[in-house]
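Each chain, letter by letter, is given below.
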Amino acid sequence: MLFYDPLFLLFIIPTIVLGFIVQSAVKSKFSKYSKVKTYRGLTGAQAAREILDANGLYDVRIEEATGGLLSDHYDPRTRVLRLSSEVARYPSVAAVGVAAHEAGHALQHANNYFPLQLRSSLVPAVQFGSRLAPWIILGGILLQSLMGLTQLGFVIAWVGIIAYGAVALFSLVTLPVELNASARAKKLLYQYNIVDKSELNGVTAVLNAAAWTYVVAALGAILQLLYWIIRLYGRRR
Ligand SMILES: [Zn+2]
């Protein structure tokens, strides 16, 4: 029934379209700067190692990610930095930019950067909320409209909305975490002479494009939250 609701489509289609635009921008920037070799010639894995070691993080391991293009991430539970082969093995501006960004997450973790801690603490709520919240809200609305259980349905729907609120909060907290990791990456790549001034512009272009994907994700989560609230109050009348 959700997908026949014009209001739902109105809220969801813009973020799907924006998501496609932003994704293709990331891919095109990445592929453009993958072809630009850095003057120092460090691969992504070497650049990340240099940044980690310079900050005393000798025990953070670097592994190759299995998820393919742009599957790069830092895993705080195992303290492993996983880099895609395009990043790990090549000495390009794009590769050192992405690798340094992921090393930035490892530094955040080591420094107890608060937004990262908050984000990690929200993970269980997000796993619950992203799967079940829409069904709880719909259940509450159905109790109200079909069974006349106005009070009970209202309370249940709000439990779902709060659960979905955790998803929206998570996507918002992700923004400072990602922007800060990119800021650290740019500063340290230049400071450690892994890139020069002009290469730094390429790094900035790649990381800025990637940052927009998180902005669009946050926008999508907030719009969905708004949709559910409007939907609940629309039914009350
Ligand atoms: Zn990141």
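Heads up: the structure comes first, above all this text.
So, a few notes on the structure that sits alongside this text. (Residues numbered from 1 in each chain as written. Predicted model: local features only at pLDDT ≥ 70, side-chain atom pairs only at ≥ 80, totals over all residues. Heavy atoms only, no water.)

## Considering the overall build of the chain
So, point 1. From N to C terminus, the chain includes 8 helices and 3 strands.
So, point 2. Helices and strands in the chain line up, N terminus first, as α-α-β-β-β-α-α-α-α-α-α.
So, point 3. Reported as C-alpha extents along the three principal axes, the dimensions of the chain are approximately 70 × 35 × 25 Å.
So, point 4. Taken over 237 residues, the chain has a buried fraction of 46%.
So, point 5. For the chain, contacts bridging at least 24 residues in sequence account for 72% of all contacts bridging at least 6.
So, point 6. Of the roughly 12200 Å² of accessible surface on the chain, 65% is carried by carbon and sulfur atoms.
So, point 7. Side chains of the chain give 22 positive and 13 negative charges; the mean places of these two sets differ by 9 Å. (Helix = DSSP H or I, 4+ residues; strand = E, 2+ residues; numbered from the N terminus. Buried < 20%, exposed > 50% of the residue type's maximum accessible area, 1.4 Å probe, protein only. Contact = heavy atoms within 4.5 Å. Areas by Shrake-Rupley, 256 points an atom, 1.4 Å probe, with all protein chains shown as cover. Lys, Arg positive; Asp, Glu negative; His and termini not counted. Charge placed at Lys NZ, Arg CZ, Asp CG, Glu CD.)

## Side note on the pattern of salt bridges
So, point 1. Counting across every chain of the model gives 8 salt bridges.
So, point 2. Among the ionic pairs, Asp59 bridges to Arg79, the shortest N-O distance being 2.7 Å. Of this pair, Asp59 sits in the loop between helix H2 (44–54) and strand E1 (61–64) while Arg79 sits in the loop between strand E2 (73–75) and strand E3 (80–83), and the two are 20 residues apart along the sequence.
So, point 3. When its relative accessible area of 27% is taken as the criterion, Arg79 is described as partly exposed.
So, point 4. Across the pair Arg82 and Asp75 runs a salt bridge whose closest N-O atoms are separated by 3.6 Å.
So, point 5. Residue classification places Asp75 among the buried residues on the basis of a relative accessible area of 8%. (Salt bridge = Lys/Arg side-chain N within 4 Å of Asp/Glu carboxyl O.)

## Let's talk about the pairing of E3
For a regular strand, side-chain orientation follows a simple rule: the groups alternate between the two sheet faces.
So, point 1. Bridge count between E1 and E3: 4 bridges; the pairing is parallel. By the bridge assignment for E3, Ile62 is matched with Leu81.
So, point 2. Across 3 bridges, the pairing between E2 and E3 is antiparallel. In the strand pairing of E3, Tyr74 is matched with Leu81.
So, point 3. Here E2 folds back onto E3, and the loop between the two strands holds 4 residues, one of which, Arg79, carries a positive phi near 55°. (Pairing = 2+ DSSP bridges.)

## Describing the coordination of the zinc ion
So, point 1. Those protein atoms acting as donors to the zinc ion are His101 (NE2), His105 (NE2) and Glu178 (OE), and they sit at 2.0 to 2.1 Å.
So, point 2. Mapped onto the sequence, the donors of the zinc ion take the spacing H-x3-H-x72-E. With His101 and His105 both in helix H4 (residues 93–110) and 4 residues apart, the pair spans about one turn of that helix. Pair check on accessibility: His101 and His105 agree, each one buried. (Donors = N, O, S within 2.8 Å, 3.2 Å for Na, K, Ca; no water.)

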